[in-house]
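Per-entry structural report
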Amino acid sequence: MKIDIKRKGQHNINQRFTVHLDERLPFYVDKPFDIEFTYHVDVHPDYYILHVEEKGNVPLVCQRCAEEWLYEYHHHSEIAVCGQEQTAEKYQNSLDVIVCPDLIVDIKDVLVDNLHLFLPKKHEKIDQCNQDQLKLIQND
Ligand SMILES: [Zn+2]
C-alpha cells in the first residue's frame, strides 16, 4: 500500500487500515499475519512527518523455549520523509529519516522495518516460557 505523502499532508485522515504481512518478516515470526494501522502526515518546511500507529497480535516463536506465542504488538512511529538526500543528512541525527524522492512511501516497508526493530525475540520473562520445553532444550 503506497502513501502519497504530499497529498496526505493536505488532507489528513485518521482512517484505520489492515494490511497482510507475509514477506521479509523476522525469522522468529511464525507465520504471516494482519496488522492494523492508522496514520497521518504533518507538514514541515522541508520535510514531512509520517505518524504511524500499529497494532496487532503477532505469532512468534520464542527463541528461548521454542514455544509459539502471540505477542500484543503496539507501536507508534514518527518518520521524517525527505525528498532530498541533503535534507535527510541535516536531520538524521535528531529524527528517524527516510529519503523518498517521489514522496510516495510503501507503508508495508515501514511496518516490516519496525517489526525487525521492535518485536521481542523471546517471552519477556523466563517464567512465561514453557518450562517443560526449556528443560528439554537444556538437557540436549
Ligand atoms: Zn519462551
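The preceding data block contains the structure.
Residues numbered from 1 in each chain as written. Predicted model: local features only at pLDDT ≥ 70, side-chain atom pairs only at ≥ 80, totals over all residues.

**Description of the overall build of the chain**
- Secondary structure summary: the chain contains 4 helices and 7 strands in total.
- When its helices and strands are written in sequence order, the chain yields β-α-β-β-β-β-α-β-β-α-α.
- Against the compact-globule benchmark of 14 Å for 140 residues, the chain has a radius of gyration of 18 Å, which places it well outside the compact range.
- Across its three principal directions, the C-alpha atoms of the chain cover 60 × 30 × 20 Å.
- Burial statistics for the chain: of 140 residues in total, 15% are counted as buried. (Helix = DSSP H or I, 4+ residues; strand = E, 2+ residues; numbered from the N terminus. Rg over C-alpha atoms; globule rule 2.2 N^0.38 Å. Buried ≥ 20, exposed ≤ 12 C-beta atoms within 10 Å, placed from the backbone.)

**Things to note about the environment of Leu21**
- As for its position among the elements, Leu21 is in strand β2 (residues 16-21).
- Measuring from C-alpha to C-alpha, the distance between Leu21 and Asp109 comes to 9.8 Å, with 88 residues separating the pair along the chain.
- In contact with Leu21, other than residues within four places in its own chain, are Pro32, Phe33, Ile35, Lys108, Leu111 and Val112. (Contact = placed C-beta atoms within 7 Å.)

**Brief notes about the pairing of strand β3 (residues 33-43)**
- The pairing of β2 with β3 spans 6 bridges and is classified as antiparallel. Looking at the pairing, His20 lines up with Asp34 of β3.
- Two elements, β3 and strand β4 (residues 48-61), share 8 bridges in a ladder whose sense is antiparallel. From the neighbouring strand, Asp42 faces β4, where its bridge partner is Ile49.
- Where β3 folds back on β4, the antiparallel hairpin that results is connected by 4 residues. (Pairing = 2+ DSSP bridges.)

**A look at the sheet that holds strand β6 (residues 97-99)**
- If you walk across this open sheet you meet the 5 strands as β2-β3-β4-β5-β6, and the pairing is mixed. Because the sheet does not close on itself, it has two edges, and the strands there are β2 and β6. With direction set aside, neighbouring strand axes in the sheet form an average angle of 35°.
- Alignment of β4 against strand β5 (residues 68-82), held across 14 bridges, turns out to be antiparallel. (Axes fitted to C-alpha atoms, helices over the stretch in contact; angles between N-to-C directions.)

**Looking at the nonpolar core**
- Of all hydrophobic cores here, the largest spans 14 residues; its most connected members are Ile5, Tyr48, Leu50 and Val81.
- Among the secondary structure elements, those contributing two or more residues to this core are β3, β4 and β5.
- Ignoring any residue separated from it by four or fewer positions in sequence, one finds Val81 in contact with Ile5, Tyr47, Tyr48, Leu50, Ile98, Cys100, Leu103 and Val105. (Core = buried A, V, L, I, M, F, W, Y, C linked by C-beta atoms within 7 Å.)

**Concerning unusual backbone geometry**
- Phi angles above zero are rare outside glycine, and Arg24 is one such case at about 55°.
- Within the secondary structure layout, Arg24 lies in the loop between β2 and β3.
- The backbone of Leu103 shows a phi angle near 55°, a positive value even though the residue is not glycine.
- If you trace the backbone, Leu103 turns up in the loop between β6 and β7 (104-106).
- Look at Leu103 and you get partly exposed, because 18 C-beta atoms sit within 10 Å.

**Description of the pairing of β5**
- The turn joining β4 and β5, which pair antiparallel and follow one another in sequence, is formed by 6 residues; a positive phi near 70° is taken by Ala66.
- Note that β5 and β6 share 3 bridges and pair parallel. Opposite Ala80, over in β6, you have Val97 as the bridge partner.

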